[in-house]
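# Structure at a glance
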Amino acid sequence: MAENFDYLADVNAKNLYWSFKVFVVRAWDVPSRFNDKEVMSMELVLQDSKGHRLQASIPKPLVKKWKDVIVEFQMYTMKNFVVLDNTTYPKVTPDKYILVFSHRTRVHHVEHPSFPLDAFRLKSFKELLNADKLDDSELIDIIGEVVGKEDPRDLVTSKGVETKRSAIILQDLNNNKISCALFGKMVDELLPHLHDGRVEPLIVVLQYFKPNRWNGKTSVQSHFYVSKLHINDGLKEVVGFRNRLLSGVAASSSRISQVSSQGGWFGADEINQGAVLVKTIEQALNVKEEGPIWICASIVSLNVGKDDWFYKSCRKCPKKVDTPIGNRYECTKCGHTHGCASLRFKVQVMVHDGTGSITLLLWDNETTQLCGKKAEQVMEDDVIGNDAYPPTFDNMMDRKVLFKINVKSANIKGFDQIYTVMKICDDEDIVEKNMPKEIAESTSTFVTFTLDGMEECISTLKCKTPGKRTTSLLNPANQGMDENEDEGQLSTNRGGRKGVKRIKANMTQVEH
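Anyway, here's the lowdown on the structure attached to this text.

Cut-off values and rules
Residues numbered from 1 in each chain as written. Predicted model: local features only at pLDDT ≥ 70, side-chain atom pairs only at ≥ 80, totals over all residues. Heavy atoms only, no water. Salt bridge = Lys/Arg side-chain N within 4 Å of Asp/Glu carboxyl O. Helix = DSSP H or I, 4+ residues; strand = E, 2+ residues; numbered from the N terminus. Buried < 20%, exposed > 50% of the residue type's maximum accessible area, 1.4 Å probe, protein only. Polar contact = N/O pair within 3.5 Å; in protein donor to acceptor, adjacent residues only side chain to side chain. Contact = heavy atoms within 4.5 Å.

### Considerations on the pattern of salt bridges
For the structure on display, the rule yields 13 salt bridges. One salt bridge connects Arg 26 with Glu 72, and the closest N-O pair in it is separated by 2.6 Å. Remark: Glu 72 occurs in the loop between α1 (60–66) and β4 (75–79) and Arg 26 occurs in strand β1 (residues 19–31); sequence separation between them is 46 residues. An identical accessibility class is assigned to Arg 26 and Glu 72; each is buried. One network of salt bridges, in which partners are shared, links Arg 26, Glu 72 and Lys 228.

Here it is as structure tokens:
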């Protein structure tokens, strides 16, 4: 007579004599907090015939007994568990309970599985990229082809542990791209497959990775010990992906390109997906709902001086660091301590598109992309005079750029005149192609900035900008920042003298 088994969805704390037939979807060791070479527990994710999943934990005294017995992607019958509340974070399974092995637990391997295994619950790139908000308590699975790589670099964790970090770019079958950060052993696992000149596609499955969104950029990263990188050509998911990828497509001479850590492809990639509507500044200033929008405009003024275009940040995360304690900086966000701080850009600019003007805040990645240097390079290379911005910033002036800006409630209500830039695209062909019709048909004009006629200039700009938010156009109040954005001292709102001279020179050329 066939044995009856319980279902994982029915688990509750009132019973000890549960009996399951399940696949082990994932198994990993959790090291001790005091000795990373000592295993504190072994964790499992179990899946039954109905597809329901539940986490199980093997405590330290029993790890040795089951360590070499329980293997991923194999089926087992398991009996007798203690049921406890699931207090793990983030939760690998969303259930209220977790199964805990005891000395009475019995496990037997099933040679011939009675139902199929679907090991991965794959999220689509489109779903992640278009989500209004990502749940950082959820761990996800994705599959994609590796099309870009970043050189690995060494780093030290907040606990002083030396490890490695690397980033890759994954692309799905619809040419959507997502950046992925790998840490520790995963970097060494992947490196042998990233050799130059690779012709065959490298397809990977990322299991239990954490989704992130920072400054409008969606990415995923490995999460401690639960995440796993699968580079197995024999997985049915990989075989299916490869067959669809290569259907009728000739092999490329090289499938994986080297990319920088700045991630400049993000803006262009999003626009090329065809779902972006670019607005004029006049339209942007009158939107009624919070959220990201794109505008196309030229940088006409730099609202920075000698010392307010950068801030000192943690070397591990973008958080601003305070005055050092002794000779060490300590980050209140990630807990990392280091001997010297990193310099990051934080630059206010004014942009104009023929319908109005608006003040934007550029963070580190976007400023680096526009000026061509990192903040620390600018500090080393540029000779900065009194009350003037670095000469490198001249590279940013008068350029038409697509900006993705974040419209917040404070912007809509008129409390904050500064809009944070989330992404940019400065590719000339893409900019021209996506320029709003109102801007493309208008004639470019220069705005005369003279020291004697500043009030007249401000008045002119105010007339072009909707009256709803024309106050303090060139001198917006220093408003509070969003808690999720980088911290740093807000820059002053005066234009540098070099910017004045540059625009005067442009006007002189036009008059002649």
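### Concerning the environment of Lys 374
Note on placement: Lys 374 falls in the loop between α7 (364–371) and α8 (375–381). The spatial distance from the C-alpha of Lys 374 to the C-alpha of Asp 364 is 7.9 Å, given a sequence separation of 10 residues.

### Description of the side chain of Asp 353
When you line up the elements, Asp 353 lands in the loop between β22 (347–352) and β23 (357–362). Look at Asp 353 and you get buried, because its relative accessible area is 6%. For Asp 353, the side chain forms a polar contact with the main-chain nitrogen of Ile 281, separated by 2.8 Å. The contacts of Asp 353, once residues within four sequence positions are left out, are Thr 280, Ile 281, Cys 296, Ala 297 and Ile 439.

### Quick notes on the side chain of Ser 32
Tracing the backbone shows Ser 32 in the loop between β1 and β2 (39–47). You can call Ser 32 buried: its relative accessible area is 14%. At a separation of 3.1 Å, a polar atom in the side chain of Ser 32 contacts the main-chain amide nitrogen of Phe 34. The residues touching Ser 32, leaving out its near neighbours within four places in the chain, are Glu 38 and Met 40.

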